[in-house]
Amino acid sequence: MSDAGHGTDTPVRVRVAPSPTGDPHVGTAYQALVNLAFARSRGGVFVLRIEDTDRARSSRASEAAILDALRWLGLDWDEGPYRQSERLDLYRSEVDRLLAAGSAYRCFCTRERLDEMRRENRAEQRFPGYDRRCRSLSSAESERRAAAGEPHTVRLAMPTEGECVMQDLLRGEIRREWELVDDQVILKADGYPTYHLACTVDDHEMGISHVIRGEEWINSLPKHLRLAPSSTSTSCAG
Ligand code: GLU
């Protein structure tokens, strides 16, 4: 757990952000409980956000079940539920900004090519991530192919050297070598954002002061910090 670099005078705003892709599970309840307790202990606000950007797996029935479960447990929220599927313009404009800044690039690699690349990476015991082939396309070519309607995703251009230094309020300093962080897809071919983009944009937009979530998200933190460089210490709790 950690603060999002806002300083101690910033009002506390925390969130739970379940994905409505199945039955309610205990991890969501646990995370809601910890966030709610933290908000109450600091006179803060507890926000509920529904992360429904996986079009194939999200459903309103699952969302309703999650809301019912949280209410039944007495884990009521102060704000929301906000739905990411209703905020697509916001993510799209952030992608445009990242593309214009050269911090992201369009990837035209087909599924077949990516599968082939993964097989080769495995066989040769190379870094399992994307090999960055489309990163070297000129912006003119990238624009032309996009304008011609060629299917593509958008990837974040990660640094290729140096270290990402993260401050976690529970674990202290955590370091990761940038070259081991994949060029994450942030916009899918269907125009929907991936979790990483939508979550980071929303945490920023919603003024989330502290991110308290499962420790499995620590490995994603370099990507989130890259998307929101001003947030120096958004982080994870086990
Ligand atoms: N939608 C993510 C999940 O359900 C949220 C992770 C987070 O809290 O950032 O696990």
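Please read all numbers here as calculations on a predicted model, not as lab measurements.

1. Here's the deal with the nonpolar core
- Membership of the largest hydrophobic core comes to 22 residues, with the highest contact counts inside it found for Val95, Val154, Ile186 and Leu197.
- Those elements that provide at least two residues to this core are helix H3 (88-100), strand S6 (153-156), strand S7 (163-168), strand S9 (185-187), helix H6 (195-205) and helix H7 (221-227).
- Examining the composition of this core, we find that four residues originate from one element, H3, more than from any other.
- In this view, Leu197 contacts Tyr91, Glu94, Val95, Leu98, Ile186 and Leu227; residues no more than four positions away in its chain are not counted.
- Counting residues in each nonpolar core, the second largest holds 17 residues, with Val12, Val14, Ile66 and Leu70 among its members.

2. A short note on the layout of surface pockets
- Here the largest pocket defines a volume of roughly 740 Å³.
- Together, 34 residues line the largest pocket, and Ala17, Pro18, Ser19, Gln31 and Trp217 are the ones closest to its centre.
- Residue contributions to the lining of the largest pocket peak at six residues, all from helix H1 (residues 26-41).
- Split into classes, the residues belonging to the lining of the largest pocket amount to 12 nonpolar, 14 polar and eight charged.
- Each pocket or cavity is described by its volume, and for the second largest pocket that value is around 390 Å³.
- Around the second largest pocket, the lining comprises 18 residues; the ones closest to its centre are Arg111, Leu114, Thr153, Val185 and Ala189.
- Residue assignment for the lining of the second largest pocket shows that the elements contributing at least two residues are helix H4 (111-123) and S6.
- Here the element with the most residues in the lining of the second largest pocket is H4; it accounts for four residues.
- Across the lining of the second largest pocket, the residue classes break down as seven nonpolar, five polar and six charged.

3. A few points about the pairing of strand S8 (residues 172-177)
- In the sheet, S7 pairs with S8 via six bridges, with the strands oriented antiparallel. The residue of S8 that forms the bridge with Val165 is Arg175.
- Adjacent in sequence and paired antiparallel, S7 and S8 are bridged by three residues.

4. Things to note about the site of the ligand
- Residues in contact with the ligand, as listed here, are Arg15, Ala17, Pro18, Ser19, Gln31, Glu51, Tyr195, Cys199, Arg213 and Trp217.
- Within the side chain of Glu51, a nitrogen or oxygen atom sits 2.6 Å from a nitrogen atom of the ligand.
- At 2.6 Å, a side-chain N or O of Tyr195 approaches an oxygen atom of the ligand.
- Contact with the protein chains covers 84% of the free accessible surface of the ligand, which is 300 Å².
- Judged by the proximity of its atoms to the pocket grid, the ligand belongs to the largest pocket.
- When the residues that make up the shell around the ligand are grouped by side-chain class, the tally is five nonpolar, two polar and three charged.

Rules behind the numbers
- Residues numbered from 1 in each chain as written.
- Predicted model: local features only at pLDDT ≥ 70, side-chain atom pairs only at ≥ 80, totals over all residues.
- Heavy atoms only, no water.
- Core = buried A, V, L, I, M, F, W, Y, C linked by side-chain atoms within 4.5 Å.
- Buried < 20%, exposed > 50% of the residue type's maximum accessible area, 1.4 Å probe, protein only.
- Helix = DSSP H or I, 4+ residues; strand = E, 2+ residues; numbered from the N terminus.
- Contact = heavy atoms within 4.5 Å.
- 1 Å grid on protein atoms, 1.4 Å probe; cavity = no way out; pocket = protein on both sides within 12 Å on 5 of 7 lines; lining within 4 Å.
- Points joined across faces, edges and corners; volume = space filled by probe spheres on them.
- Nonpolar A, V, L, I, M, F, W, Y, C, P; charged D, E, K, R; others polar.
- Pairing = 2+ DSSP bridges.
- Near = heavy atom within 4 Å.
- Polar contact = N/O pair within 3.5 Å; in protein donor to acceptor, adjacent residues only side chain to side chain.
- Areas by Shrake-Rupley, 256 points an atom, 1.4 Å probe, with all protein chains shown as cover.
- Sits in = over half its atoms within 2 Å of the grid points.

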